[in-house]
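Survey of secondary and tertiary structure
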Amino acid sequence: MLPDITVLGEFTYLATEVAFGSVALALLFYADAFRQAGRTITILYPIAYLWDWYTLEVGVFEIPMRTGIDLLGIPLEEHLFILVVPAFVIGLHETLRKRWPMDGQ
């Protein structure tokens, strides 16, 4: 059984972004990959923002456990999500490369 984090109420989504964002930052720090993440996030952010804005606007999904703070038409938590996901992926990828380099590299 999974823990019920909805006890955090309107801060539930924000708390998950802070938790996973902290792990992403730790991975990026360990792998010394802030530059790679920054470059990728800079390119992905506008695309992800438009995608997120559109899907929310047309009603593809809704987010009930959030703060209610919107910035530029999407929830604050979604902005964080757009930052955290690529940072987490790049941090994990670069950590794996650092820990277990492939032969010939």
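Attention in this report is confined to the structure presented alongside it. (Residues numbered from 1 in each chain as written. Predicted model: local features only at pLDDT ≥ 70, side-chain atom pairs only at ≥ 80, totals over all residues. Heavy atoms only, no water.)

**With respect to the pattern of salt bridges**
If you walk through the whole model with that rule in mind, you get two salt bridges. We note a salt bridge from Arg66 to Asp70, for which the minimum N-O separation is 2.8 Å. Residue Asp70 is classed as partly exposed on the basis of its relative accessible area of 43%. Notably, a salt bridge pairs Glu94 with Arg97, separated by 3.9 Å at the nearest N-O pair. (Salt bridge = Lys/Arg side-chain N within 4 Å of Asp/Glu carboxyl O. Buried < 20%, exposed > 50% of the residue type's maximum accessible area, 1.4 Å probe, protein only.)

**Looking at the packing of helix 1 (residues 12-31) against helix 3 (residues 76-99)**
Close contact between helix 1 and helix 3 brings their axes to 7 Å; oriented N to C, the two are set at 30 degrees. Classified by the interaxial angle, the pair formed by helix 1 and helix 3 is roughly parallel. The handedness of the crossing between helix 1 and helix 3 is left-handed. Of the residues that constitute the contact of helix 1 with helix 3, the class distribution is 17 nonpolar, three polar and six charged. (Axes fitted to C-alpha atoms, helices over the stretch in contact; angles between N-to-C directions. Helix = DSSP H or I, 4+ residues; strand = E, 2+ residues; numbered from the N terminus. Parallel < 35°, antiparallel > 145°, perpendicular 65-115°, else oblique. Left-handed = near helix turned anticlockwise from the far one by under 90°. Nonpolar A, V, L, I, M, F, W, Y, C, P; charged D, E, K, R; others polar.)

**With respect to the layout of surface pockets**
Size it by volume and the largest pocket reaches roughly 250 Å³. Forming the boundary of the largest pocket are Leu44, Ile47, Ala48, Trp51, Asp52, Thr55, Phe61, Phe81, Ile82, Val85 and Pro86. At the level of secondary structure, the elements contributing two or more residues to the lining of the largest pocket comprise helix 2 (34-57) and helix 3. By residue number, the principal contributor to the lining of the largest pocket is helix 2, which donates six residues. Considering only residue class, the lining of the largest pocket consists of nine nonpolar, one polar and one charged. (1 Å grid on protein atoms, 1.4 Å probe; cavity = no way out; pocket = protein on both sides within 12 Å on 5 of 7 lines; lining within 4 Å. Points joined across faces, edges and corners; volume = space filled by probe spheres on them.)

**Considering unusual backbone geometry**
For Asp32, which is not a glycine, the phi torsion comes out positive at approximately 50 degrees. Here Asp32 is to be found in the loop between helix 1 and helix 2. The exposure class assigned to Asp32 is exposed, which follows from its relative accessible area of 63%. Although it is not a glycine, Leu72 sits at a positive phi angle of roughly 55 degrees. Its place among the elements puts Leu72 in the loop between strand 1 (70-71) and strand 2 (74-75).

**A closer look at the packing of aromatic side chains**
Applying the stated criterion to the full structure yields one aromatic pair. On the numbers, 6.3 Å between centres and 65 degrees between planes, the contact of Phe20 with Phe88 is edge-to-face. On the criterion of sequence distance, the pair formed by Phe20 in helix 1 and Phe88 in helix 3 is long-range, its members being 68 residues apart. Here Lys98 stacks its cationic end above the ring of Tyr30, 4.3 Å away from the centre of that ring. Stacked on the ring of Trp100, the Lys or Arg Arg99 has its end atom at 5.4 Å from the ring centre. (Phe/Tyr/Trp six-rings, centres within 6.5 Å; stacked < 30°, edge-to-face > 60°. Lys NZ or Arg CZ within 6 Å of the ring centre and 35° of its normal.)

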